Every structure is written in C-alpha cells, then in structure tokens.
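Structural overview
If you want the building blocks of each chain, they are given just below.
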Amino acid sequence: MPDHADLTAGVLVIGGGLAGSWAALSAAQQGADVILVDKGYCGTSGVTATAGVGHWYLPPEAREAEVAARTRAGGDLTEPDWMYRTMETAWQRLPELDPYYRWPFRDGQPVRNTSVRGPEYMRVMRARVRRAGVTILDHHPATGLLRHGDGSVAGASGLRLQAGGTWSCRASAVILATGGTAFLSRLLGANNNTADGHLMAAEAGARFSGMEFSCFYTLAAAHSTMTRAFPFMYGTYRDCDGHELPFASFQTGLPMIAKALIRGPVTVVLDRMPRQTRERLPHVQPNFLLPLLRSGIDPFTDPFPVTLRGEGTIRGTGGIALTGPDCEAGVEGLYAAGDVASRQPIVGAASGGGQPNSAWCVASGTWSGRAAARRAAREPAPSTGSDPRRLAHSFVGPGSSAAPGSSSITASGTGTGSISGPGSISGRGRTRGTGSTGGGWTDADTEEVRRIVSRELNDLDKNMFRTGEGLRRSLARLDDLWTQLPARARSGPENPGPENPGSANPGPPGTGRDALRARETAALIAAGRWVLSSAIARPESRGMHHRVDAPDRDPGLTATVRTWGLDEVMTAVEPVREPEAAGRVAS
Amino acid sequence: MIELVIASRCIDCDRCVKVCPTNVFDAVPGGHPVIARQQDCQTCFLCELYCPADALYVGPDCERPEPVDEQAITATDWPQQYRRDSGWGKNRQDHPNDVSYMQHMLPEALAIRAGEDEAPAAGPRGDEAAAR
C-alpha cells in the first residue's frame, strides 16, 4: 500500500500560481498556519509563470473612467463595487514587491503596471510565501475536498506524484486557487489547468457564473504553444489563397483570421516591426522567439503558419460564483481566488486578460487569505488526534451534490434549456444512480476522451462562431462522456466515495499519474458542460460570446447565467446585481 | 516538447525534476535526470530557464516529439537562449532590464496599423489583452 501523509493546517491553499501565492502569503501574514499544495511547482505553475503580466494599477483619480469604459466593453454585466475594491487592493499591495522584484525604472520611478516578467514574479512570490512560514508541497495535486457531516469543508486530499501515495490535510479553511481552464488547447503554461478546483467546488455544492464567456483566442505560431501574442500586431497576414487579410487590430483581426483558418492555412510575417523593436524583443518577451528560431524561421522575413489557441475560462470570464466580499465560494469554509473564480463582476462579458485578471489574483488572494486566517483563528482545524476516516465517512459524493436549495428548482430534463428571461430556470441532463460503478472508459481511453473534450470546447467553428444547434450537439457528446465516467474519477481516486465508505485511504489503482488523469478528465467534461449549458442559455451576442444564430444583443439578457450540478446540469438566468432575487422567484 | 538532457553539461542538480510543472523528469540516483514522461511536457520552456548548466533542450513543436541530434543542438545557442535573454544566472549583471519597452510597443503598433488600414483601429483596451 502506498504511503499516506496525514496533515493538518489552519488554512490549506490549493494551487500555487499567482492567486494562490498571494492567498497563502496573506493568510500567513495574519498569523495562520498555512499549507500550500501545488499540482506542479509553485513558481512555474499557472499561466502567470510563462507570461508578461500587467496589473490594473491605477491611481484613485483614474478609476471612475476605467470602470465606465470596462462596464461598456463588458456588456453592462460588471459590478462596480468589485471593480473599485480590486483596483484599490492591487494599488495597496503591489509596492510590497519593491524590495524583492527588480521593476524597470522610468523617469526615476518604478514601472509597476505593465510587462511584469512572469517567471521572476512567480520566483519572488515563492520566496515570499516561504519566508512567511508557509509549508509548500510541490507535486501534490488535490483531488477532492473533505467535508464535515454538515457539509462544511474540512480539508482536502490528493496524490503525491513524486513521493508516491496520497495525502490528506484537515484544515479550518480551504482556498481554491487552481486557475481557469483552456480545455487543453496547448495555450502556453496551461496544461495543468484542468478545472480540478471547479469540480471539487461543484461536488461541495458551489455554483458558477459567466461560463459562457470562454471563447477568447490568442495567436501562436502553428504547432507551438507560444501565445505571447503582442508581436503579431506587426504582422502581414495571408490566407490559403495568398490574399492579404486586412489586419488592423486583434479585436477585428482575430475573427477574420479565424474564418480564414477554418478555410485553410494562414501565414504571417512580422515585417512591420521596426528595427529597434526587433532588437529589443528578446529582452521584452524572452520566450517569444524560442520556437520560431528553433524551427529555422526568421519571423521578420519568412512567412510562417499561425494557429489560434483557445483561452477557455482563463482569459474568459467564468468560474465559481462568489457569494461574499471575502471570496466565499458558497460552501462553509471554502474560498476561491484567481481565475477559478468568476471574474464577471470585474470584466463582464469581455476578457480580463491584460490587466484586470492579474489585479484580481492579487486582490482575491488577499481577501480570501485574510478571511481564511480569521476563520482558522475562530475555528481550529479538526484535531490531529481525530480519525481521518470520520471525515472520510462524511465525504459527500458527487452523486448527491446538487446545490443547496436545489429542491426549489424545477429541472426540465428535456435537454433543451428553454430560457425566457431573468428569473427563469431550467435543468437538463440525466440523473445517474450514485452507486453505479459499471462500465466507463478506462485509462487507455483517457487520452482520446481528453482530445474529444478539447475539440468540442476549442474548435473555431464550434466555440468562436457558436450556434444553438452546434452547442447542443457538443453538449450531448459531453453528457454521454459524463455518463461513462469511471467510478474512481467521480469521487477522487483516494477518496472513499459512497461506493466504498469503509476504506479511508485505499490508494488509487495504477500510478498516481493515471489516477490524476482520470480525475482531470472528469473535471474537464464537467466544466465543458457548464460552458455549453451557459452558452445555450444566452441566445444573443455580447462581449466575446458570439452566437451566429443570434448576432444582436438582447436587452432582456443583461443578466447573469448561473450553472451548477454534475449528473444534472442546471442553469438559471438571474439579475446581475441582486443574486438573491432569482432564488426567491424560484421558491 | 522536451527532447534532451545534455549529458556532457548536466551537473545532476535535479532542479529540472523539482521545477517541471508537469513532472516530466525522474531523478536517477548517481546519474543524470531522465525524461520519463515526454508526452506530459507542456512545452513551456521553463526547465531551460531554471537549468544552471544550459543542459536542457525543448523542441519547438508542442504536438509531437521531434528527435534531435545532441551534437547539432550543442552547436547552437538554443539551450542557453531563454536564460540569457531573461538575464538569469551569470547573465544577470549585463542584462538590460528594458521590459517596460512594451509601453512603447503598444502605441507604436497601433500607430503603424492606424495609418494603413480602412478598418477602425481599436483602442488600447481591446488590444492590451494580447500584451502579456
């Protein structure tokens, strides 16, 4: 039997990217005993580590105009109080990096708002987290939450990829900072972002918002991951017939390139980049040229083929719908920070890529970390002497995890998701018995299942140019995959689900890697079904969400689409700023 | 994808084993780390950045392995390129910290585009999303 590590913490942070590191730091600064687990390595994990990030870093007098512009660009789905709070917290906290991070200087002042070098930023964050006394456990993916009998979160458990075996950690508070997901589009640095946190949260009863806004794409050289896209602004583009595409900006240019890519290969040459910029490019984006030069391409003189990499919910908007100002995830003891949380309140239907998402990581990490530390001081973690199996016994499997209060919601079960306006609710999908273990795809099928999910959520003709019919077809395919889920992928490989409540830590069959892959694949299917259901529930075009069959904005849908559930996926269209109202209507 | 641990350069520090976010390498007692799960490589190049010996080579294609000749690779500057251009390790002292030049590139690119096309140029808000 593999080894098991039995841990206890005041605050457990799951995920060590930008948001998770700010959360762990913030909790430790409040005196909490903090453990941070990362699927990979805190410092290289997450999409910040390969990027050059900007922050929303605006002086108070510039914020009102920014809020107005973002609200307009975001299709009036933003919530200004969240925007102001995010900007203010980022404004307060970023200067704390001054002693550690080598900002570039201009006119004698540090430039803190743009082009922060991702690898260096994350290296600094790791060092700060460690110095604050946080225990970092790398290569420790979490695969399930532990819960008390009353449903509140009691910790988490997962796999030890390098040491072998499993871990569990009892904690007073758990912060999910597992990132968004690009559905394995090969977006730079995003392969680990498989919606694991989304699945764990949904199993505990959390809901999602903005999942339909998951159709932002970024250019890269074909066959490469290199989505450091800004140099493509200087490109000359040609379609498969050799005709030049009139590129003016990413905003107008990307849909045009996408249409041309559906017809055939598109090439670019970065011939419009001035000489002095070419010379400095290696120091501005040190990784941009790596795949090009290694392919024998001089990008300034040789046309080369491009592709578009889907950004899913990363530069999309959707995620866990927060239920309070401290990033509460709707389940007692659980918080969500960074891209795993919905950013609809700060960017609406538009992408938060660029500056808001990074500021959001700083701010949501700060708020959730401090709140989790307060909770830990108030409610000690389950004692080390307690039997972990008692917690394990109370693990609530996904089969019974419909959101709290869902009894008041009618599920149509028709699979069509009829929506008539704010306040209406529909359900779809099939319910499966919780005890079912029969059938299901095996480890040998996992790679193929992952490819199918990736294509349904990334193919340009399916996801960038959406139709109700196409979305329903994709959803039916994912629904089918969900019903064939192997039992161990449903409840977390080392977690005793309802199927085998007697064994606390049986250890996953096969290697840790295979067990993790199965679990990740379940998460990708689940997140894909929330995306597709939400996109079906919004038969209009708004922000990045473009419905070919409904190209105009529907004023009646200036509203939030919420989605939740596993065996049965539910959606509800609710007013943007009064989340309680729809619940009252439903009951 | 990761293609090479260059044996003649590797100093067995196992840093790549530690920092790889997708756990591609395995440490080998008394020997160089090995590429144990190449198919899990996400082609992020970060192992090259962290390698103090310029002993790793990641191929440009993220979709399939492309076996390479070790001697041909060590004749290029590719294994040290990312670390050098980022100013890590011994490159730190003479590295120009001019990443803020991006602030110049954004208006420069917009101006170049605005002058030549019929389509209306987007404001910086629409295009900053790509400026990471």
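Residues numbered from 1 in each chain as written. Chains lettered and ligands numbered in written order. Predicted model: local features only at pLDDT ≥ 70, side-chain atom pairs only at ≥ 80, totals over all residues.

Quick look at the overall build of chain B
Defined as follows: Under the DSSP-based scheme used, a helix requires at least four consecutive residues in state H or I and a strand at least two consecutive residues in state E, with every element numbered from the N terminus. We call a residue exposed when 12 or fewer other C-beta atoms sit within 10 Å of its C-beta, buried when the count reaches 20 or more, and partly exposed for counts in between; the C-beta positions come from the backbone. Note on contacts: residues are paired as contacts if their backbone-placed C-beta atoms lie within 7 Å.
In terms of helices and strands, chain B carries six helices and four strands. N-terminal to C-terminal, the α/β element order of chain B is β-α-β-β-α-β-α-α-α-α. Each of the 132 residues in chain B was classed as buried or not, and the buried ones make up 39%. Across chain B, every contact between residues at least 6 apart in sequence was considered, and the portion connecting residues at least 24 apart equals 55%.

A look at the overall build of chain A
Within chain A, the regular secondary structure consists of 17 helices and 21 strands. Here chain A holds 587 residues, and the buried ones make up 59% of them. Restricting to contacts in chain A with at least 6 residues of sequence separation, those with at least 24 account for 76%.

With respect to the sheet that holds strand 14 (residues 244-245) of chain A
Residues and elements named next belong to chain A. Put simply, the test is: Any two strands with at least two DSSP bridges between them are considered paired.
The five strands lie next to each other as 12-16-15-13-14, forming an open sheet whose pairing is antiparallel. Of all strands in the sheet, those with a lone pairing partner are strand 12 (217-221) and strand 14, marking the two edges. The pairing of strand 13 (residues 236-238) with strand 14 spans two bridges and is antiparallel. Pairing of Tyr 237 across the sheet is with Leu 245, part of strand 14.

Observations regarding the interface of chain B and chain A
For clarity, the threshold we go by: The nonpolar class holds Ala, Val, Leu, Ile, Met, Phe, Trp, Tyr, Cys and Pro. Asp, Glu, Lys and Arg form the charged class, and all remaining residues, Gly among them, are polar.
Counting from both sides, the interface comprises 48 residues of chain B and, opposite them, 62 residues of chain A. Looking at the side of chain B that touches chain A, the elements that each hand over two or more residues are helix 1 (15-19), helix 2 (46-50), helix 4 (78-86), helix 5 (102-114) and helix 6 (124-128) of chain B. A per-element tally of the side of chain B that touches chain A places helix 5 of chain B first, with seven residues. Residues of the side of chain B that touches chain A, tallied by class, amount to 24 nonpolar, eleven polar and 13 charged.

Structural notes on the nonpolar core
Residue and element names in this part refer to chain A. Using the following cut-off: Joining buried Ala, Val, Leu, Ile, Met, Phe, Trp, Tyr and Cys residues through C-beta atoms within 7 Å gives a set, and that set is a nonpolar core.
One finds Val 11, Val 34, Val 174, Ile 175, Leu 176, Tyr 335 and Ala 336 to be the most contacted residues of the largest nonpolar core, which totals 195 residues. For this core, the element with the most residues is helix 16 (residues 512-536), which contributes 14 residues. Among all residues touching Val 34, those that are not within four sequence positions of it are Ala 9, Gly 10, Val 11, Val 13, Ala 24, Ala 27, Ala 28 and Val 134.

Things to note about the confidence of the model for chain A
All names here are of chain A. Heads up, the condition is: One number per residue, pLDDT, summarises how confident the predictor is, and it ranges from 0 to 100.
Summing up the model confidence of chain A, the mean pLDDT is 87 and the portion of residues at 70 or higher is 85%. The low-confidence segment residues 385-438, where pLDDT is below 50, has 116 contacts with residues more than four positions distant or belonging to other chains. Here residues 579-587 is a poorly scored stretch, pLDDT under 50, and it has 13 contacts once near neighbours within four places are set aside; other chains count.

Structural notes on helix 14 (residues 468-483) of chain A
Convention followed: Here a helix's expected span is defined as the number of its residues, less one, multiplied by 1.5 Å.
Between its first and last C-alpha atoms helix 14 of chain A spans 22 Å; for 16 residues at 1.5 Å apiece the expected length is 22 Å, and the two agree. Among the residues of helix 14 of chain A, those classed as buried are A:Gly470, A:Leu471, A:Ser474, A:Leu475, A:Leu478, A:Asp479, A:Leu481 and A:Trp482.

Remarks on the confidence of the model for chain B
All names here are of chain B. For chain B, per-residue confidence averages 88 on the pLDDT scale, and residues scoring 70 or more make up 87% of the total. Every residue in residues 117-132 scores below 50 in pLDDT, and together they form 49 contacts with partners more than four places removed in sequence or on other chains. ipTM for the predicted complex: 0.91, alongside a pTM of 0.90.

Points about the packing of helix 14 of chain A against helix 16 of chain A
Residues and elements named next belong to chain A. What counts is decided by this rule: With axes taken as lines fitted to C-alpha atoms, and helix axes fitted only over the stretch in contact, angles between N-to-C directions fall between 0 and 180 degrees. Just so you know how the angles are binned, under 35 degrees is roughly parallel, over 145 roughly antiparallel, 65 to 115 roughly perpendicular, and the rest oblique. If you view the pair so one helix is near and one far, a crossing is left-handed when the near helix is turned anticlockwise from the far one by less than a right angle, and right-handed when it is turned clockwise.
As a packed pair, helix 14 and helix 16 sit with axes 9 Å apart at the nearest point and diverge in direction by 155°. If you check the angle between helix 14 and helix 16, you find them roughly antiparallel. Regarding helix 14 and helix 16, the two cross each other, and that crossing is left-handed. The segment helix 14 lies against helix 16, with Gly 468, Leu 471, Arg 472, Ser 474, Leu 475, Leu 478, Asp 479, Leu 481 and Trp 482 engaging Ile 525, Gly 528, Arg 529, Leu 532, Ser 533, Ala 535 and Ile 536. Here the residues of the contact of helix 14 with helix 16 sort into nine nonpolar, four polar and three charged.

With respect to unusual backbone geometry
All names here are of chain B. Positive phi is not limited to glycine here, since Thr 43 has a value of about 55°. With respect to the element layout, Thr 43 can be found in the loop between strand 3 (34-35) and helix 2. Located in the positive-phi region is Phe 45, a residue other than glycine, with phi close to 70°. Checked against the element boundaries, Phe 45 lands in the loop between strand 3 and helix 2.

A short note on the domain arrangement of chain A
All names here are of chain A. Threshold: Reported domain spans reflect what an automatic or database domain assignment gives.
According to the domain assignment, chain A consists of domain 1 (10-212 + 314-388), domain 2 (217-310) and domain 3 (397-586). If you look at the interface, domain 2 gives six residues, while domain 3 gives six residues. Elements supplying a minimum of two residues to the side of domain 2 that touches domain 3: helix 6 (250-263) and strand 16 (304-310). With three residues, helix 6 is the largest single contributor of residues to the side of domain 2 that touches domain 3. The residue inventory of the side of domain 2 that touches domain 3, partitioned by class, reads five nonpolar, one polar and no charged.

Topic: the environment of B:Asp69
In this structure, B:Asp69 sits in the loop between strand 4 (56-58) and helix 3 (70-74). Counting along the chain gives 51 residues from B:Asp69 to B:Lys18, while the straight-line C-alpha distance between them is 26 Å.

Examining the pairing of strand 1 (residues 4-14) of chain A
Residue and element names in this part refer to chain A. A large share of strand 1 lies buried, amounting to eight of its eleven residues. The pairing of strand 1 with strand 10 (residues 166-176) spans ten bridges and is classified as parallel. Looking across to strand 10, one finds that Val 11 is bridged to Ala 173. Bridging between strand 1 and strand 2 (residues 34-37) involves four bridges; their strand directions are parallel. By the bridge assignment for strand 2, Ile 14 is matched with Val 37.

Focus on the packing of helix 5 (residues 196-204) of chain A against helix 16 of chain A
For any two helices packed against each other, one specifies the inter-axial angle together with the distance between the axes. All names here are of chain A. For the pair helix 5 and helix 16, interaxial distance at closest approach is 8 Å and the crossing angle is 75°. One finds that helix 5 runs roughly perpendicular with respect to helix 16. Contacts from Asp 196, His 198, Leu 199 and Ala 202 of helix 5 reach helix 16 at Glu 520, Ala 522, Ala 523, Ala 526 and Ala 527. Partitioning the contact of helix 5 with helix 16 into residue classes produces six nonpolar, one polar and two charged.

Considering the pairing of strand 8 (residues 142-147) of chain A
Residues and elements named next belong to chain A. Taken across its six residues, strand 8 has six buried, putting it largely inside the fold. Pairing of strand 8 with strand 9 (residues 153-159), which is carried by five bridges, proceeds in the antiparallel orientation. Considered in strand 9, the bridge of Leu 146 is made with Gly 155. What sits between the antiparallel neighbours strand 8 and strand 9 is a turn of five residues, in which Gly 151 has the positive phi angle 95°.

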